[in-house]
Amino acid sequence: MELTYYGQSCFLLQAANRNILFDPFITPNELASHVDINAIEADYILVSHGHQDHTADLIALAKRTGALVICSFEIMLWLAKQGVENVHAMNLGGQYSFDFGKVKMVYAAHSNSLPDGTYGGTAAGFVLQCEGKTLYYAGDTALIQEMKLIGELARPDVCLLPIGDNFTMGVEDAVIAAGYLRCKHIIGMHYDTFPPIKIDKDRARGLFKKAGCELSLIDIGSSLTV
Ligand code: NI
Ligand code: MN
(Lines give C-alpha, C1' and ligand atoms only; values in the text may rest on other atoms or scores of the structure.)
(Ligands and ions follow the chains in the order given, each with its own letter.)
Protein backbone atom coordinates (compact mmCIF):
# COMPACT_ATOMS: atom_id res chain seq x y z
CA MET A 1 0.00 0.00 0.00
CA GLU A 2 1.24 3.44 -0.92
CA LEU A 3 0.36 6.52 1.13
CA THR A 4 0.80 10.02 -0.31
CA TYR A 5 0.49 13.08 1.94
CA TYR A 6 -1.21 16.25 0.70
CA GLY A 7 -0.96 18.21 3.95
CA GLN A 8 -3.10 18.71 7.09
CA SER A 9 -5.10 15.43 7.28
CA CYS A 10 -5.29 14.70 3.57
CA PHE A 11 -3.79 11.46 2.31
CA LEU A 12 -4.17 9.33 -0.77
CA LEU A 13 -4.02 5.60 -0.06
CA GLN A 14 -3.34 3.44 -3.10
CA ALA A 15 -4.33 -0.11 -2.31
CA ALA A 16 -5.98 -2.97 -4.17
CA ASN A 17 -5.77 -0.94 -7.40
CA ARG A 18 -7.96 1.74 -5.89
CA ASN A 19 -7.30 5.38 -4.98
CA ILE A 20 -8.72 6.19 -1.56
CA LEU A 21 -8.52 9.84 -0.55
CA PHE A 22 -8.96 11.11 3.02
CA ASP A 23 -10.22 14.57 4.13
CA PRO A 24 -9.41 16.71 1.08
CA PHE A 25 -8.03 20.13 2.08
CA ILE A 26 -5.41 21.16 -0.46
CA THR A 27 -6.11 24.40 -2.36
CA PRO A 28 -6.40 26.64 0.76
CA ASN A 29 -3.23 25.11 2.29
CA GLU A 30 -0.16 27.25 1.55
CA LEU A 31 2.08 24.33 2.55
CA ALA A 32 0.52 22.29 -0.28
CA SER A 33 0.71 24.97 -2.98
CA HIS A 34 2.94 22.69 -5.10
CA VAL A 35 0.26 19.96 -5.21
CA ASP A 36 -1.76 19.87 -8.44
CA ILE A 37 -5.25 19.00 -7.29
CA ASN A 38 -6.33 18.31 -10.88
CA ALA A 39 -3.83 15.46 -11.03
CA ILE A 40 -5.43 13.67 -8.07
CA GLU A 41 -7.64 10.73 -8.96
CA ALA A 42 -9.96 9.15 -6.43
CA ASP A 43 -12.26 6.15 -6.44
CA TYR A 44 -13.28 6.78 -2.83
CA ILE A 45 -13.18 9.83 -0.57
CA LEU A 46 -13.40 9.19 3.17
CA VAL A 47 -14.53 12.15 5.26
CA SER A 48 -13.92 12.09 9.02
CA HIS A 49 -15.94 15.23 9.78
CA GLY A 50 -17.15 18.41 8.13
CA HIS A 51 -14.69 21.08 9.24
CA GLN A 52 -13.25 23.22 6.47
CA ASP A 53 -9.70 21.93 6.99
CA HIS A 54 -11.04 18.47 6.02
CA THR A 55 -13.60 19.29 3.34
CA ALA A 56 -12.49 22.45 1.47
CA ASP A 57 -11.93 20.52 -1.78
CA LEU A 58 -14.45 17.74 -1.16
CA ILE A 59 -17.28 18.90 -3.42
CA ALA A 60 -15.04 19.80 -6.37
CA LEU A 61 -13.08 16.53 -6.13
CA ALA A 62 -16.20 14.40 -5.66
CA LYS A 63 -17.82 15.98 -8.72
CA ARG A 64 -14.72 15.77 -10.96
CA THR A 65 -13.69 12.23 -10.04
CA GLY A 66 -17.13 10.72 -9.42
CA ALA A 67 -15.62 9.04 -6.34
CA LEU A 68 -17.86 7.35 -3.80
CA VAL A 69 -17.84 9.52 -0.66
CA ILE A 70 -17.87 7.62 2.65
CA CYS A 71 -19.05 9.78 5.56
CA SER A 72 -21.63 10.25 8.29
CA PHE A 73 -25.35 10.19 7.51
CA GLU A 74 -25.59 13.92 8.29
CA ILE A 75 -22.73 14.82 5.92
CA MET A 76 -24.47 12.70 3.26
CA LEU A 77 -27.62 14.85 3.60
CA TRP A 78 -25.53 18.03 3.29
CA LEU A 79 -23.63 16.69 0.26
CA ALA A 80 -26.92 15.88 -1.50
CA LYS A 81 -27.83 19.59 -1.23
CA GLN A 82 -24.49 20.44 -2.89
CA GLY A 83 -25.25 18.09 -5.79
CA VAL A 84 -23.02 15.21 -4.63
CA GLU A 85 -25.13 12.05 -4.79
CA ASN A 86 -22.58 9.21 -4.93
CA VAL A 87 -22.32 8.79 -1.16
CA HIS A 88 -22.17 5.85 1.24
CA ALA A 89 -23.29 6.86 4.73
CA MET A 90 -22.05 5.05 7.82
CA ASN A 91 -22.26 5.51 11.57
CA LEU A 92 -20.12 4.64 14.56
CA GLY A 93 -19.29 0.97 15.03
CA GLY A 94 -20.54 0.03 11.59
CA GLN A 95 -18.36 -1.87 9.13
CA TYR A 96 -18.92 -2.32 5.41
CA SER A 97 -17.05 -4.17 2.66
CA PHE A 98 -16.03 -2.14 -0.37
CA ASP A 99 -14.16 -3.53 -3.37
CA PHE A 100 -10.77 -2.57 -1.86
CA GLY A 101 -11.46 -3.96 1.62
CA LYS A 102 -13.39 -3.26 4.80
CA VAL A 103 -14.04 0.09 6.44
CA LYS A 104 -15.25 0.52 10.03
CA MET A 105 -16.35 3.93 11.23
CA VAL A 106 -15.09 4.55 14.76
CA TYR A 107 -15.51 7.22 17.41
CA ALA A 108 -13.48 10.43 17.45
CA ALA A 109 -13.75 12.93 20.32
CA HIS A 110 -14.20 16.15 18.35
CA SER A 111 -16.97 18.48 17.14
CA ASN A 112 -18.52 18.17 13.69
CA SER A 113 -20.19 20.86 11.61
CA LEU A 114 -20.13 21.65 7.90
CA PRO A 115 -18.66 24.97 6.63
CA ASP A 116 -22.15 26.57 6.57
CA GLY A 117 -22.83 25.56 10.17
CA THR A 118 -24.95 22.48 9.40
CA TYR A 119 -24.66 19.73 12.02
CA GLY A 120 -22.44 16.94 10.70
CA GLY A 121 -23.22 14.08 13.08
CA THR A 122 -20.52 12.63 15.30
CA ALA A 123 -16.90 13.16 14.24
CA ALA A 124 -15.32 9.87 13.23
CA GLY A 125 -12.21 7.94 12.38
CA PHE A 126 -11.85 4.87 10.16
CA VAL A 127 -10.30 1.43 10.52
CA LEU A 128 -9.44 0.02 7.09
CA GLN A 129 -8.55 -3.56 6.28
CA CYS A 130 -7.03 -4.07 2.86
CA GLU A 131 -4.22 -6.10 1.30
CA GLY A 132 -3.92 -8.03 4.57
CA LYS A 133 -3.06 -4.90 6.55
CA THR A 134 -5.00 -2.81 9.02
CA LEU A 135 -4.78 0.96 8.97
CA TYR A 136 -6.39 3.32 11.50
CA TYR A 137 -7.10 6.88 10.39
CA ALA A 138 -8.03 8.75 13.56
CA GLY A 139 -9.47 11.94 12.05
CA ASP A 140 -9.48 14.85 14.49
CA THR A 141 -9.66 13.52 18.02
CA ALA A 142 -8.52 13.81 21.58
CA LEU A 143 -6.82 10.87 23.25
CA ILE A 144 -9.68 8.47 24.01
CA GLN A 145 -10.12 5.17 25.85
CA GLU A 146 -11.81 3.76 22.72
CA MET A 147 -8.33 3.52 21.17
CA LYS A 148 -7.67 0.63 23.57
CA LEU A 149 -10.55 -1.22 21.91
CA ILE A 150 -9.11 -0.59 18.46
CA GLY A 151 -5.74 -1.86 19.69
CA GLU A 152 -7.33 -4.98 21.16
CA LEU A 153 -9.75 -5.79 18.34
CA ALA A 154 -8.11 -4.47 15.17
CA ARG A 155 -4.36 -4.54 15.96
CA PRO A 156 -3.56 -1.83 13.41
CA ASP A 157 -0.27 -2.13 11.50
CA VAL A 158 -0.13 1.60 10.93
CA CYS A 159 -1.98 4.50 12.58
CA LEU A 160 -2.50 8.00 11.21
CA LEU A 161 -2.80 10.24 14.26
CA PRO A 162 -3.21 13.99 14.73
CA ILE A 163 -0.24 15.45 16.60
CA GLY A 164 -0.61 19.23 16.28
CA ASP A 165 -2.30 19.90 19.64
CA ASN A 166 -4.74 22.80 20.27
CA PHE A 167 -7.61 21.41 18.09
CA THR A 168 -6.73 17.72 18.59
CA MET A 169 -4.39 15.71 20.76
CA GLY A 170 -0.75 16.74 20.73
CA VAL A 171 2.42 14.68 20.53
CA GLU A 172 2.50 13.55 24.17
CA ASP A 173 -1.07 12.23 24.02
CA ALA A 174 -0.44 10.68 20.60
CA VAL A 175 2.45 8.70 22.12
CA ILE A 176 0.01 7.37 24.74
CA ALA A 177 -2.48 6.65 21.94
CA ALA A 178 0.13 4.55 20.12
CA GLY A 179 0.41 2.44 23.28
CA TYR A 180 -3.38 2.05 23.54
CA LEU A 181 -3.43 1.10 19.85
CA ARG A 182 -0.55 -1.41 20.28
CA CYS A 183 0.96 0.11 17.15
CA LYS A 184 4.64 0.80 16.46
CA HIS A 185 4.29 2.80 13.25
CA ILE A 186 2.57 6.16 13.50
CA ILE A 187 2.10 8.63 10.67
CA GLY A 188 1.59 12.19 11.90
CA MET A 189 -1.10 14.54 10.58
CA HIS A 190 -2.90 17.78 11.51
CA TYR A 191 0.28 19.75 12.31
CA ASP A 192 2.08 22.86 10.99
CA THR A 193 -0.80 24.09 8.77
CA PHE A 194 -1.80 26.95 11.10
CA PRO A 195 0.20 28.85 13.77
CA PRO A 196 -1.50 27.16 16.79
CA ILE A 197 -0.59 23.68 15.52
CA LYS A 198 3.06 24.25 14.55
CA ILE A 199 5.24 21.55 16.11
CA ASP A 200 8.90 20.76 16.69
CA LYS A 201 9.23 17.74 14.38
CA ASP A 202 12.54 16.48 15.76
CA ARG A 203 11.18 16.60 19.30
CA ALA A 204 8.05 14.72 18.15
CA ARG A 205 10.12 11.99 16.46
CA GLY A 206 12.25 11.74 19.61
CA LEU A 207 9.27 11.29 21.93
CA PHE A 208 7.89 8.46 19.79
CA LYS A 209 11.32 6.84 19.53
CA LYS A 210 11.66 6.90 23.33
CA ALA A 211 8.37 4.98 23.49
CA GLY A 212 9.68 2.37 21.03
CA CYS A 213 7.64 3.69 18.09
CA GLU A 214 8.48 5.22 14.76
CA LEU A 215 6.84 8.51 13.80
CA SER A 216 6.75 9.14 10.04
CA LEU A 217 6.23 12.74 8.95
CA ILE A 218 5.79 12.56 5.19
CA ASP A 219 6.79 15.59 3.13
CA ILE A 220 3.75 17.11 1.42
CA GLY A 221 3.51 15.62 -2.05
CA SER A 222 5.67 12.62 -1.13
CA SER A 223 4.72 8.98 -0.64
CA LEU A 224 5.52 6.18 1.76
CA THR A 225 5.02 2.45 1.34
CA VAL A 226 3.11 1.06 4.33
NI1 NI B 1 -11.87 19.44 13.00
MN1 MN C 1 -9.15 19.72 11.75
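Since we're looking at a predicted model, the values are computed, not measured.

A. Local environment of the coordination of the nickel ion (ligand 1). Around the nickel ion (ligand 1), the protein supplies His49 (NE2), His51 (ND1), His110 (NE2) and Asp140 (OD) as donor atoms, at distances of 2.2 to 2.3 Å. Here the donor residues of the nickel ion (ligand 1) are spaced in sequence according to H-x1-H-x58-H-x29-D. Between the nickel ion (ligand 1) and the manganese ion (ligand 2), both coordinated by Asp140, there is a metal-metal distance of 3.0 Å. Linking His49 in the loop between strand S4 (44–46) and helix H1 (52–55) with His110 in the loop between strand S8 (101–107) and strand S9 (124–130), this pair joins segments that are 61 residues apart in sequence. Judged by its relative accessible area of 0%, His49 is buried.

B. Main features of the layout of surface pockets. By volume, the largest pocket amounts to about 230 Å³. Breaking the lining of the largest pocket down by element, the ones donating at least two residues are S8, S9 and helix H4 (146–153). When its residues are assigned to classes, the lining of the largest pocket shows 8 nonpolar, 3 polar and 2 charged. Each pocket or cavity is described by its volume, and for the second largest pocket that value is around 170 Å³. Tyr191, Asp192, Lys201, Ile218 and Ile220 are, among the 14 residues lining the second largest pocket, the residues nearest its centre. Of the residues contributing to the lining of the second largest pocket, the split by class is 6 nonpolar, 4 polar and 4 charged.

C. Expanded view of the sheet that holds strand S2 (residues 11–15). What the 7 strands build is an open sheet, ordered S6-S5-S4-S3-S2-S1-S14; its pairing is mixed. Because the sheet does not close on itself, it has two edges, and the strands there are strand S6 (87–90) and strand S14 (223–225). Neighbour-to-neighbour, the strand axes of this sheet turn through a mean angle of 20 degrees, independent of strand direction. Alignment of strand S1 (residues 2–5) against S2, held across 4 bridges, turns out to be antiparallel. The partner of Glu2 across the bridge, within S2, is Gln14. Here helix H2 (residues 58–65) sits on the sheet and contacts strand S3 (18–22), S4 and strand S5 (68–72); the angle it forms with S4, its principal contact strand, is near 160 degrees. Sheet strands touched by helix H3 (residues 73–81): S5 and S6. Its angle to S5, the strand with the most contacts, is close to 130 degrees.

D. Local environment of the coordination of the manganese ion (ligand 2). Within the protein, the manganese ion (ligand 2) binds to Asp53 (OD), His54 (NE2), Asp140 (OD) and His190 (NE2); these donor distances fall in the range 2.1 to 2.2 Å. Mapped onto the polypeptide sequence, the residues donating to the manganese ion (ligand 2) form the spacing pattern D-H-x85-D-x49-H.

Parameters and conventions
- Residues numbered from 1 in each chain as written.
- Chains lettered and ligands numbered in written order.
- Predicted model: local features only at pLDDT ≥ 70, side-chain atom pairs only at ≥ 80, totals over all residues.
- Heavy atoms only, no water.
- Donors = N, O, S within 2.8 Å, 3.2 Å for Na, K, Ca; no water.
- Helix = DSSP H or I, 4+ residues; strand = E, 2+ residues; numbered from the N terminus.
- Buried < 20%, exposed > 50% of the residue type's maximum accessible area, 1.4 Å probe, protein only.
- 1 Å grid on protein atoms, 1.4 Å probe; cavity = no way out; pocket = protein on both sides within 12 Å on 5 of 7 lines; lining within 4 Å.
- Points joined across faces, edges and corners; volume = space filled by probe spheres on them.
- Nonpolar A, V, L, I, M, F, W, Y, C, P; charged D, E, K, R; others polar.
- Pairing = 2+ DSSP bridges.
- Axes fitted to C-alpha atoms, helices over the stretch in contact; angles between N-to-C directions.
- Contact = heavy atoms within 4.5 Å.

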